[in-house]
Amino acid sequence: MSRDAAAGRSGEDRLAREIEHGRKIAGNAETVWFWESPAGRRRADRRAELFVEHGGLGPGKRALELGCGTGVFLEKVARCGATLHGLDLSEELLEKARVRLAGQAGVVLDRGNAEATPYPPSHFDAVYGSSVLHHLNLDAALGEAHRVLRPGGRVVFAEPNILNPQVLLMFRFGPLKERFGVSPDEMAFSRFRARRALERAGFVDVAVEPFDFLHPSIPQGWVERGLALSRALERVPLVREIAGSMLMRARRA
């Protein structure tokens, strides 16, 4: 088998494992992803706000969410009035999204591969996603995002930060992967790798910033205080490098 054929086969196997993972977690995906707790819901709200703000979204804009899963962020971002397309590889997760978004105007759900989307070039004003790029071939996914963006369009992604101690253990320590619902092939990365990948894909105005010290297990009564502390820690040099997530943003020239 040639090297290209072997790479292609490896890619197909990886996608098949991601599809199986989606099928496995579909029944409790939002629990696996930590979005159902009081702190988890507040973290999701903040991410949606960042997608809208840095994506420049609002009425008359068209955006694509990669790895939309069960529609948690589509539902929140749709409130800004933009037209949204949600793309996911898992039919089981998309079925959950269809239920969540039933009757929601301006949202279209599509099944497909984020590394080879079904959309024409220069079709969207923004491409965004939460915790999706680390499931993918990073260069392929960002290259595809660049292709479907119009000139001046923006990408905004929230991703786990591999420099965070818990994230590092979740992804590197085998016995914890199953407990935290980590799929066989996903792997978090650093903000330095993220910046290089965005630049390789042709983006400009690249910024990758660590953020979010609000742990999803914090009790409801402490969420707002935890969020305030998180925002303070995000401004502390060196300490901010171990935040739980990072915000990637850039623009197509």
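Residue positions are given per chain, counted from 1 along the sequence in the order it is written. The predicted nature of this model means local features are confined to residues of pLDDT at least 70 and side-chain atom pairs, given and counted, to a pLDDT of 80 or more, with totals for whole chains, interfaces and linings taken over all residues. Note that water and hydrogens are dropped before the side-chain values are worked out from all heavy atoms of the structure.

The subject of this paragraph is the sheet that holds strand β6 (residues 203-211). Any two strands with at least two DSSP bridges between them are considered paired. Secondary structure elements are taken from DSSP: a helix is a run of H or I of four residues or more, a strand is a run of E of two residues or more, and numbering for both begins at the N terminus. Spatial strand order, β3-β2-β1-β4-β5-β7-β6: seven strands in an open sheet with mixed pairing. Two strands lie at the open edges of the sheet, namely β3 (107-111) and β6, each paired on one side alone. When the angles between neighbouring strand axes are averaged without regard to direction, this sheet yields 15 degrees. By the bridge criterion, six bridges tie strand β4 (residues 124-130) to strand β5 (residues 149-160) in an arrangement that is parallel. Opposite Tyr128, over in β5, you have Val156 as the bridge partner. Two residues form a contact once any of their heavy atoms are found within 4.5 Å. Note on definitions: angles span 0 to 180 degrees between N-to-C directions of axes, and those axes are lines fitted to C-alpha atoms, for helices only across the stretch in contact. Packed on one face of the sheet, helix α9 (residues 191-200) meets β5, β6 and β7 (245-252) and runs near 165 degrees to β6.

Moving on to the packing of aromatic side chains. Centre distance and the angle of the planes are the two values used to describe a pair of aromatic rings. Geometry of aromatic contacts follows a simple scheme: Phe, Tyr and Trp rings, the Trp one being its six-membered ring, pair when their centres are within 6.5 Å, and the pair is stacked under 30 degrees between planes, edge-to-face over 60, tilted otherwise. Inspection of the entire model under this criterion finds five aromatic pairs. Arranged with centres 5.1 Å apart and planes meeting at 85 degrees, the rings of Tyr119 and Phe124 form a pair that is edge-to-face. Owing to a relative accessible area of 0%, Phe124 belongs among the buried residues under this scheme. An aromatic cluster is defined as three or more aromatic residues linked by ring pairs; in this entry it consists of Trp35, Phe51, Phe73 and Tyr128. Between the NZ or CZ atom of Arg225 and the centre of the ring of Trp222, over which it lies, the distance is 4.2 Å. Think of it in three bands: residues with accessible area under 20% of the maximum for their type are buried, residues over 50% are exposed, and the middle band is partly exposed, with areas taken using a 1.4 Å probe on protein chains only. For a lysine, the NZ atom is tested; for an arginine, the CZ atom; a charge sits over a ring if that atom is within 6 Å of the ring centre and within 35 degrees of the ring normal.

A separate point is α9. What sets the pattern is the α-helix's 3.6 residues per turn: residues three or four places apart point alike. Considered for burial, the residues of α9 that qualify are Ala194, Ala197 and Leu198. The buried residues of α9 occupy an angular sector of 100 degrees when projected down its axis, which confines them to one face. Where the residues of α9 are buried, they touch α6 (138-148), β5, β6 and β7. Backbone geometry just downstream of α9 places Gly202 in the positive-phi region, at approximately 100 degrees. To obtain the arc, one takes the directions from the helix axis to the C-beta atoms.

With that settled, the discussion passes to the pairing of β4. Across the seven residues of β4, seven count as buried, placing the element largely inside the fold. Two elements, strand β1 (residues 62-66) and β4, share three bridges in a ladder whose sense is parallel. Bridging across to β4, Ala63 finds its partner in Ala126.

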